[in-house]
Amino acid sequence: MEQKRIAIYGKGGIGKSSTASNVAAACADEGYKVMIIGCDPKSDSSITLLGGKRIQTILDLLRQKIDVKEEDIVHEGYKGVKCVEVGGPEPGIGCAGRGIIVAIQRLRKVCKSIDDMDLIIYDVPGDIVCGGFVAPIRKGLVNEAYILTSGEYMPLYAANNICKGLAKIDTPLSGIICNSRSVTREEEIVKKFSEEIGSKLMAFIPKEQIVQDCERDGFSVLEKAPDSSVAGVYRELAHAIMSNDSSVLPSSLEDERLRELTR
Amino acid sequence: MAEKDISIIHPRPSSIVAALYTLRDLNVDVAILHGPPGCSFKHARLLEEDGIHVVTTALDENGFVFGGREELSTLLCKVNEMFNPKLIGVVGTCASMIIGEELSEPVQDANLDVPVIGVEVHAGYPNNTKGVLIALESACDAGVIDDEELERQKVLLEEATNVEKRHGAASKEYLVPSRGDLKYKVAEKVINYLKEGKKCLTIMNAKKETGYMFADITVAINEVAEQLGVSDNVINMANVDDTLGLPRVRHHATSIMNDFREKGIEIHEIIGGMDEYPITGEKVSELIAEKYNDFDFAVITGVPHAIPMDNLQNMDVISVTNGPRQVYPLKDMGHSNVIVEIDLHPKTLGVSNIVESEFGATMRELTKDMQDAEEA
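Cut-off values and rules
- Within any chain, residue numbers begin from 1 and follow the written order of that chain's sequence.
- Chains and ligands are labelled sequentially in the order written, the chains with letters from A and the ligands with numbers from 1.
- Confidence filtering applies because this is a predicted model: local features only for residues at pLDDT of at least 70, side-chain atom pairs given and counted only at 80 or more, and all residues used for totals across whole chains, interfaces and linings.
- The side-chain values count all of the structure's non-hydrogen atoms but skip hydrogen atoms and water molecules.
- We count a stretch as a helix when DSSP gives it H or I for four or more residues in a row; a strand needs E for two or more, and each element gets its number in order from the N terminus.
- Restricting the calculation to C-alpha atoms gives the radius of gyration, and the globule rule supplies 2.2 Å times the number of residues raised to the power 0.38.
- We call a residue buried when its accessible area falls under 20% of the maximum for its residue type, exposed when it is over 50%, and partly exposed in between, using a 1.4 Å probe and counting protein chains only.
- Contacts: residue pairs with any heavy atoms within 4.5 Å of one another.
- Neither His nor the chain ends contribute to the count of charged residues, in which Lys and Arg are positive and Asp and Glu negative.
- A single reference atom marks each charge: NZ on Lys, CZ on Arg, CG on Asp, CD on Glu.
- The span expected for a helix works out to 1.5 Å for each residue beyond the first.
- Pairing between strands is defined by DSSP: at least two bridges between them are needed.
- Axis lines are fitted to C-alpha atoms, over the contacting stretch for helices. Their N-to-C directions set the angle, which ranges from 0 to 180 degrees.
- Grid spacing is 1 Å over the protein atoms alone, the probe is 1.4 Å, and a cavity is where that probe fits but cannot get out, while a pocket is an open set with protein on both sides within 12 Å along at least five of seven lines and lining residues have an atom within 4 Å of a point.
- Grid points are joined across faces, edges and corners, and a volume is the space filled by probe spheres set on the points.
- Three classes are used: nonpolar for Ala, Val, Leu, Ile, Met, Phe, Trp, Tyr, Cys and Pro, charged for Asp, Glu, Lys and Arg, and polar for all others, with Gly counted as polar.
- Buried area is calculated as the accessible area (1.4 Å probe) missing from two parts once they are joined, with the contributions of both summed.
- Whenever a carboxyl oxygen of Asp or Glu lies within 4 Å of a side-chain nitrogen of Lys or Arg, that contact is scored as a salt bridge.
- Think of a polar contact as two N or O atoms within 3.5 Å of one another; within protein, one of them needs to be a possible hydrogen donor and the other a possible acceptor, and neighboring residues in sequence only count if both atoms come from side chains.
- Aromatic rings from Phe, Tyr and Trp, taking only the six-membered ring of Trp, are treated as a pair when their centres fall within 6.5 Å; an angle between ring planes under 30 degrees marks them as stacked, one over 60 as edge-to-face, and anything in between as tilted.
- Note on patches: the residues involved have over 30% relative accessible area and no salt bridge, like charges join within 9 Å, and the nonpolar side chains Val, Leu, Ile, Met, Phe, Trp and Tyr join within 5 Å.
- Note on areas: these come from Shrake-Rupley sampling with a 1.4 Å probe, and a residue is covered only by the protein chains present in the view.

Caption draft 1: View of the overall build of chain A. Across its full length, chain A holds eleven helices and eight strands. Against the globule reference of 18 Å for 263 residues, chain A gives a C-alpha radius of gyration of 17 Å, in line with a compact fold. C-alpha extents for chain A along the principal axes are approximately 55 × 40 × 40 Å. When the 263 residues of chain A are sorted by exposure, 56% land in the buried category. Excluding contacts between residues fewer than 6 apart, the proportion of contacts in chain A whose partners are at least 24 apart in sequence is 78%. Treating the 34 positive side-chain charges of chain A as one cloud and the 38 negative ones as another, the clouds have centres 5 Å apart.

In structure tokens:
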């Protein structure tokens, strides 16, 4: 099969990292070779795949002028999922965007196993504040983009903006994922939004306390509560992503229409 | 973008470099470039010829990502020990400014007894005079110059920018560089004019230290006129008022005036200070209208495009520039000949006496040859 290299976009705090790590765990359960690359300076993408443990980031090591090797930056987590964190400078200093570019270049140079993966998930920060934050896409590392949103107005507004951005950089959208915040008519709203921008709703992840509980302990739902219903939803989503072979250059909605949709 | 703004595509002077030169005119002993090691390399080297130390924090890929606060404060301490400076300048670069580097914090960290002028500048300004302005404002903040001088400089800078937009390097989207007319031909023409008893105006309107070489053309014309016995047919104008401008600029005016005096050359009209090249035009125009309307030809050196053509219409105008991209705009203004003194600037750094120009040397040699031929 062709290697899948996906990025999950969406408003900050909407659950990108949770979704990414649970999908990664679900795919690993299925026997896929999975790598997750956290591109957020907060470096919290892979923490629930490593039992709550933090790993050294690529930029941590580069800062110390260490000649970085694969084993220094690629750490195996749940069921062999390879975890990488880009890291970043201290908040407010230097340039995190440039950091992502440099770290990813280094990763590609030293990481041989990257080519053997079935699925690589780039967990990118919610706000694409500068060129560095789209580097994974721009440098041709990502071939499918997903957007995570709830049915609330602001996350949808962000999702709509991301669609504009994706169209601008000529990157196709493979689907919308709804991470529920339990607002009224949520599934219907997000489904409608997905269709109107020319895409499809991949999954509706219900808001359940168990996801939080597992995270607090430092685990994915798949590892800590594999029999929960939400674990099943992640499994379905993982399956949908791995078998998805359609993507579109998304259109975006007028502000007025977006408002109408969420009313 | 305003309607008259054009998008210029030829390379032109950088505001970072403009800030460096301004710091030199303020007599800093050390200028620190906070940025990548190769930034402004060529000009940094030239400035070292001019007696100031230029060093760099040499930010690398790590520096871009993590910032260079420590690199800068460490370097401040190091240059303080190495060079024992009385005044230090710190200049931003594109890289350090884009990542939001602060210049004042590392200066505080270093905690030196020496005043430091921090200039937060990058090269992304359409007019390089912005680099001068930012440097001067920073110098004013640091108490190195007063408000009055700052205001005076602001007026000059605005005019300098206008001059470039009207007839200079910012007048067209793309200007083809040219080496100008053959010096031999133009020298012959000037000598013949003098021989014929034509009246000559020399107008030196030089930008700061470039005057060390442009002054030589004034000197050469006067020497030739004397040899031909027509000294009285030459009137000299020059912007060598040494009571105006930043310390170093005044010093240049004094040095050049001393050389003129020593060589027995009278400057009949002092048209301004050596930083006033953008505003001397009007004064020159008035002087011509008042006193020199009947002159036959003018040789304008330095920044010739700052002198309006209004009162020069009846004269044959020959100009000497050091900008290869200035040739066509000057011809468009109506100058019959334009000569370029190639590589003038490097030769005028680190000197305090008039240096020989190619055009001056050509005139001298040619006069000698002509006289030898006549004698033979």
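So much for the structure itself; the text now carries on.
Caption draft 2: Region of interest: helix 6 (residues 153-168) of chain A. Residue and element names in this part refer to chain A. In a regular helix each residue adds 1.5 Å, so 16 residues correspond to 22 Å; helix 6 covers 23 Å between its end C-alpha atoms and thus fits that length. Residues of helix 6 that are buried: Y153, P155, L156, A158, A159, N160, I162, C163 and L166. Tucked inside the fold, the buried residues of helix 6 contact strand 1 (4-10), helix 5 (135-138), strand 6 (144-149), strand 7 (173-179), helix 7 (186-196) and helix 11 (255-262). In the stretch just after helix 6, D170 is the one whose phi turns positive, near 60°.

Caption draft 3: Region of interest: the sheet that holds strand 4 (residues 116-119) of chain B. Residue and element names in this part refer to chain B. Across the sheet, four strands lie side by side as 2-1-3-4; this open sheet has parallel pairing. Bordering the open sheet on either side are strand 2 (53-56) and strand 4, each of which pairs with just one other strand. The sheet shows a mean angle of 20° between the axes of neighbouring strands, direction not considered.

Caption draft 4: Region of the structure containing empty space enclosed by the protein. Residue and element names in this part refer to chain A. In this structure the tally under the stated criterion is one cavity of 30 Å³ or more. Lining the largest cavity are S18, S21, N22, T48, V211, C214, E215, F219, S220 and V221. Of all elements in the fold, only helix 1 (16-29) and helix 8 (209-217) reach the threshold of two or more residues within the lining of the largest cavity. Classifying every residue of the lining of the largest cavity gives four nonpolar, five polar and one charged.

Caption draft 5: Quick look at the interface of chain B and chain A. Tallying the contact residues gives eight residues for chain B and twelve residues for chain A. Buried area between chain B and chain A, both sides added, is near 880 Å², and the carbon and sulfur share of it is 58%. Viewed at the interface, chain A and chain B are joined by two salt bridges. E61(B) is the partner of R98(A) in a salt bridge, and the nearest nitrogen-oxygen pair spans 2.7 Å. For the pair chain B and chain A, the number of links is four residue pairs in polar contact (both at pLDDT 80 or more). Among the residues forming the side of chain B that touches chain A, the class breakdown is four nonpolar, two polar and two charged.

Caption draft 6: Quick look at the packing of aromatic side chains. Using the criterion set out here, one finds three aromatic pairs over all chains in the structure. Between the aromatic rings of Y153(A) and Y157(A), the centroid separation amounts to 5.9 Å while the plane-to-plane angle is 40°, which identifies the pairing as tilted. Residue Y153(A) and its partner Y157(A) are both found in helix 6; the two are separated by four residues, about one turn of the helix. Relative accessible area serves as the criterion here: at 19%, Y153(A) is assigned to the buried category. On the accessibility criterion, Y157(A) (32% relative accessible area) is partly exposed. Arranged with centres 5.4 Å apart and planes meeting at 90°, the rings of Y292(B) and F295(B) form a pair that is edge-to-face. Across the pair, F295(B) and Y292(B) agree in class, each one buried.

Caption draft 7: Broad picture of the layout of surface pockets. All names here are of chain A. Roughly 1100 Å³ of volume is contained in the second largest pocket. Around the second largest pocket, the lining is made up of 50 residues, and of these G12, G13, S17, K42 and D44 lie nearest the centre. Contributing elements (two or more residues each) for the lining of the second largest pocket: helix 1, helix 2 (58-63), helix 4 (96-110) and helix 8. Looking at the lining of the second largest pocket residue by residue, the class counts come to 17 nonpolar, 20 polar and 13 charged.

Caption draft 8: Representation of the sheet that holds strand 2 (residues 34-38) of chain A within the structure. Residues and elements named next belong to chain A. Pairing is mixed in the open sheet, where eight strands are placed in the order 3-4-2-5-1-6-7-8. Looking at the sheet topology across the chains shown, the edges are occupied by strand 3 (75-76) and strand 8 (201-205). Contacting strand 1, strand 2, strand 5 (119-123), strand 6, strand 7 and strand 8, helix 1 crosses the sheet at an angle of about 170° to strand 5.

Caption draft 9: Just a nonpolar patch on the surface, in detail. Among the surface-exposed residues, I9(B), Y174(B), V176(B) and Y328(B) lie close enough to one another that they form a single nonpolar patch of about 420 Å² accessible area. Structurally, I9(B) can be placed in the segment before helix 1 (15-25).

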